[in-house]
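Notes for the structure review
Here is how the chains run, residue by residue.
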Amino acid sequence: MSNWRPVLEPVLRFVIRLLLRVETEGLERMPRQGPLILMYNHIHLVDPLVLLALMPRYAVAIGKVEIFSWPVIGPLVRRYPTIPVRRGELDMTAVRQSLSVLQGDHVLIIAPEGTRSRTGRLQRVKRGIIFLAQQCNPLILPVAVTGTPYFPAGLKRLRRVPIRCRFGRAFRFRWPEGRLKREVMEQMSDEAMYELARLLPPEMRGVYSDLEAATTEWLRFEDE
């Protein structure tokens, strides 16, 4: 936990309200207690900041390690705090810190694709979300973010850019008996991503465009 957070949190919320016009749908679906993974589609650097500003609970985002060395932004994300992750490898330090957030009954904000989409369309999911969920079986809440790529242009014109955050249905994974096979893990990951895809406009669903191919065999929804 960071001693700077009580100071930076209201500042972040003020700045987001000042620069962006954020509309939410389904935020009331967020559980108010217990470990939660908030999974979102990553289309701009500002995405996790918008989500952090919306959170009614203590939340920590995962970010690529490179941003920690950026001028101005680097010192801020270290103090907020943010979990740095080295992409392209199994970063056990990031895993342990992520599990610590979940085991503390907090919210972990992650982009399951593992990197920002340059096209704005969903990319193939990484299996990190399955690995984390397997350790403590948290609730998972998908949220679709749209509009953030227009933020730089809006900032230049001194206009508040409209952003939309659409929250879906919370679910847990159903875990098979015995060893978790690779093909089952891939199906579980894809099922989670299809829930995120349902919340996005068709042109942003990418590799998860065919919603008719979606299954829910390994998902257990909280509202059922």
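In what follows, the accompanying structure is described. Values in this document were obtained by computation on a predicted structure and should not be read as measured data. Here the residue numbering is sequential within each chain, running from 1 through the sequence in written order. The predicted nature of this model means local features are confined to residues of pLDDT at least 70 and side-chain atom pairs, given and counted, to a pLDDT of 80 or more, with totals for whole chains, interfaces and linings taken over all residues. The side-chain quantities take in all heavy atoms of the structure and omit both hydrogens and water.

The next subject is helix H1 (residues 5-19). At 3.6 residues per turn, the α-helix brings residues three or four places apart onto the same side. Starting at the N terminus, helices and strands are each numbered in turn, a helix being any DSSP run of H or I of at least four residues and a strand any DSSP run of E of at least two. Given the number of residues in a helix, its expected span is that number minus one, multiplied by 1.5 Å. Over its 15 residues, H1 extends 21 Å from the first C-alpha to the last, a length consistent with the 21 Å expected when each residue adds 1.5 Å. The set of residues buried in H1 consists of Arg5, Leu8, Glu9, Leu12 and Ile16. Projected onto a plane normal to the axis of H1, the buried residues spread over an arc of 105 degrees and lie on a single side. Summarising the geometry of H1, the exposed residues directed more than 90 degrees from the buried face are Pro6, Val7 and Arg17. Partly exposed residues are those whose accessible area sits between 20% and 50% of the maximum for their type, while under 20% is buried and over 50% is exposed, using a 1.4 Å probe and protein chains only. Note that the arc is computed from the directions linking the helix axis to the C-beta atoms.

This part is about the packing of aromatic side chains. Only the six-membered ring of Trp is used, alongside the rings of Phe and Tyr, when aromatic pairs are assigned; centres must lie within 6.5 Å, and planes under 30 degrees apart are stacked while those over 60 apart are edge-to-face, with the rest tilted. Following the criterion strictly, the structure yields 4 aromatic pairs and no others. Plain terms: the ring middles of phenylalanine 171 and phenylalanine 173 are 5.8 Å apart, the flat faces sit at 75 degrees to each other, and that makes the pair edge-to-face. A relative accessible area of 3% means that phenylalanine 173 is categorised as buried. Relative to tyrosine 208, the ring of tyrosine 194 lies with its centre 5.1 Å away and its plane at 90 degrees, an arrangement referred to as edge-to-face. Here tyrosine 194 is found in helix H7 (residues 182-197), whereas its partner tyrosine 208 is found in the loop between H7 and strand S9 (219-221), with 14 residues between them in sequence. The class for tyrosine 194 is buried, based on a relative accessible area of 11%.

A contiguous nonpolar patch, built from Val11, Phe14, Val15 and Leu18 and spanning about 350 Å² of accessible area, is present on the exposed surface. On the secondary structure map, valine 11 appears in helix H1. Residues with no salt bridge and a relative accessible area higher than 30% make up the patches, which join like charges within 9 Å and nonpolar side chains (Val, Leu, Ile, Met, Phe, Trp, Tyr) within 5 Å. Working definition of accessibility: Shrake-Rupley area with a 1.4 Å probe, residue cover restricted to the visible protein chains. Only one rule defines a salt bridge in this text: a Lys or Arg side-chain nitrogen within 4 Å of an Asp or Glu carboxyl oxygen.

Let us now look at the packing of helix H4 (residues 92-103) against helix H5 (residues 128-136). Look at H4 against H5: their axes get within 10 Å of each other, and the N-to-C directions meet at 45 degrees. The angle between H4 and H5 falls in the class oblique. For the crossing formed where H4 meets H5, the hand is right-handed. Mapping the contact onto sequence places Val95, Ser98, Leu99 and Leu102 in H4 and Phe131, Leu132, Gln135 and Cys136 in H5. Note on residue classes: Ala, Val, Leu, Ile, Met, Phe, Trp, Tyr, Cys and Pro are nonpolar, Asp, Glu, Lys and Arg are charged, and everything else, Gly too, is polar. Taken together, the residues of the contact of H4 with H5 break down into 6 nonpolar, 2 polar and no charged. What counts as an axis is a line fitted to C-alpha atoms, over the stretch in contact for a helix, and the angles between N-to-C directions run from 0 to 180 degrees. Oblique is the label for every angle not falling under 35 degrees (roughly parallel), over 145 degrees (roughly antiparallel), or within 65 to 115 degrees (roughly perpendicular). Two helices that cross are described as forming a left-handed crossing if the nearer one is turned anticlockwise from the farther one by less than a right angle, and a right-handed crossing if clockwise. Contact between two residues is taken to exist if any of their heavy atoms lie within 4.5 Å; hydrogens are not considered.

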